[in-house]
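Results of the structural survey
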Amino acid sequence: MSMLKPVAAALAVASLLAACGGGDSTTDGASYDLSGAPGSLIASPSAMISLTPADFQAAAPATLFLVAGVPKCTVTFNYFQYGTVGGAGEKTTASGGIMVPSGADAACTGPRPVLLYAHGTTTNKNKNMASPADNEAALVAAMYAAQGYIVVAPNYAGYEASTLSYHPYVNLEQQAKDVVDALTAARKGFAAVGASANSKLFVSGYSQGGFVSMAAQRALQLAGTPVTAGAHLSGPYALASYVDANFAGRVGLGATVFAPLLSTSFQRAYGNIYASPEAMYEATFSSGIETLLPSTTPIDTLFSTGKLPATFMFEGAAPDPRLAIFFGTPNLVKTDYRQAVLADAMTHPTTPQHPLRVAASKNDLLKQNWTPTQPMLLCGGNADPTVFFDVNTQGAKTYFNGKSVPDPMVKVLDVDSAFAGDGFDTARGGFAQAKAAAGDASTVLRDYHGTLVPPFCNAAARGYFNNFLTSPSASAS
């Protein structure tokens, strides 16, 4: 269901919507070409809809603005397409949105900061961050664009109008290139959409997007492009440990969706995750699984029609009774494949030999010998049943601290924790209220990762970014 209510003709239209790599250049003109080269702007961006603050408030639930704040700026949603690469380096295209703030408020005028935002996992092939009818796009627009940030939000290769037949899910190098290419292309179209950028560049994303945004911060740093700060939210940064935990029986909610996305991505990149899908997946589900996701068919329909199991990842007994919903038949992953992964984890815990574990390690952000030189916030909730906070968020903090990155450079926020007087207590208090209002424990478990945490981690990210807006480098260059 869309976050927006169809109360205005302009929004009804919206509901039908199915600079060279850098943050320091602010004078890119409108230029585009049809070469499809990485970072090329394939066509001049097109404005899809503009929402005044009053339009936005009339069209979206009041709860959105209780967290995001009263919108200050009119937000224009622009659609663009760009050239990038696939998981094996093949040329492809992708699309995305450029959200441009405008208006009389001081927050909406003059050169504005740029936020490169990476979205979370979705099975929806038609995902479009250029449309306010998309829940995540509406949240990002309310949280950032309506408060004065120019937002560049790619849809990723494999989604929407992309010519790629699959999505390179959590492929570290590809996903970083993808979103940096989106930023490069978007900057070439800023003049055409009335976006005047200053020198501030922020990078953020949620869930899969948290992984992608950290990968992008790393890539931009390695390329010598200034990043003001990053905020990486509930991401699977420690991908190798996360995969190992799932196969060991600590299965994450949504694993039957993540597994085919991940295995197809890595199979396309490396060609050795399995000899055939039947070697990894039970016969009930193996046919067509490589082309199943992302899909134009709703995920609930894929479950109800037997294309995927809703929760049964493995057969056999659960190691913990609380995880019993992930064990049963018909299950997704074959037992002999799982046992091979487990055996490799036992005999080669730090030097993987199994192709799946090798691929996960290759794409693990905490195994890249990388030290961030710009600040970052890591936000999540400690009880996340989907992307484990201890493995990923705390794991990232431990890793960076171990590389002599001090705590002020890498801040961690657990929104599901007691007040700490550190400037993030508003997010903690809001999350506690939302969690209490959500209902019983099963509802909280279901909604924790995808519904409850995102608004408050994004609110914390914006507050964190705002701290960097008043320095001299915020002026236009």
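Here the structure is a predicted model, which is why all the values come from computation and not from measurement.

Before going further, it helps to examine the packing of aromatic side chains. In total, this model carries 16 aromatic pairs according to the counting rule given. On the basis of an interplanar angle of 85° and a centroid distance of 5.3 Å, the ring pair of Phe56 and Phe65 is categorised as edge-to-face. With 5.9 Å between their ring centres and 45° between their planes, Phe314 and Phe327 make a pair best called tilted. Here Phe327 lies in the loop between α11 (299-304) and α12 (335-347) and Phe314 lies in the loop between α11 and α12, a separation of 13 residues in the sequence. For the pair formed by Phe314 and Phe327, the shared burial category is buried. A connected cluster of aromatic rings, assembled from ring pairs, spans Tyr144, Tyr149, Phe202, Tyr464, Phe465 and Phe468. The ring of Phe388 carries Arg250 above its face, with NZ or CZ at 4.1 Å from the centroid.

This next bit is on the pattern of salt bridges. Overall, the coordinates contain 12 salt bridges when judged by the stated rule. Across the salt bridge formed by Glu173 and Arg218, the nearest N and O atoms sit 3.4 Å from each other. Separated by 45 residues along the polypeptide, Glu173 in helix α5 (residues 172-188) and Arg218 in helix α6 (residues 208-222) bring together distant segments of the chain. Asp447 serves as the salt-bridge partner of Arg446, at 2.9 Å between the closest nitrogen and oxygen. Among the residues examined, Arg446 registers a relative accessible area of 57% and is labelled exposed. Connected via shared salt-bridge partners are Lys127, Asp134 and Glu136.

This part takes up the state of the cysteines. Taken as a whole, this structure holds 2 disulfides when the rule is applied. Covalently, Cys73 is tied to Cys108 through a disulfide, its sulfur atoms 2.0 Å apart. Between Cys73 and Cys108, the S-S dihedral sits near -90°, and the bridge is therefore left-handed. Of the two residues, Cys73 sits in the loop between α3 (62-68) and β2 (74-85) while Cys108 sits in the loop between β3 (91-102) and β4 (112-118), which places them 35 residues apart along the sequence. Like Cys73, the residue Cys108 is buried in the burial classification. Paired through a disulfide, Cys379 and Cys457 show a sulfur-sulfur distance of 2.1 Å. Residues Cys379 and Cys457 are joined through a disulfide that is left-handed, its torsion about the S-S bond being -80°. Highlighted residues: Cys379 in strand β8 (residues 376-380) and Cys457 in helix α16 (residues 441-466), separated in sequence by 78 residues. Assessed through its relative accessible area of 0%, Cys457 is described here as buried.

Rules used in this analysis
Residues numbered from 1 in each chain as written. Predicted model: local features only at pLDDT ≥ 70, side-chain atom pairs only at ≥ 80, totals over all residues. Heavy atoms only, no water. Phe/Tyr/Trp six-rings, centres within 6.5 Å; stacked < 30°, edge-to-face > 60°. Helix = DSSP H or I, 4+ residues; strand = E, 2+ residues; numbered from the N terminus. Buried < 20%, exposed > 50% of the residue type's maximum accessible area, 1.4 Å probe, protein only. Lys NZ or Arg CZ within 6 Å of the ring centre and 35° of its normal. Salt bridge = Lys/Arg side-chain N within 4 Å of Asp/Glu carboxyl O. Disulfide = S-S within 2.5 Å.

These values are about where atoms sit, not about what they do.
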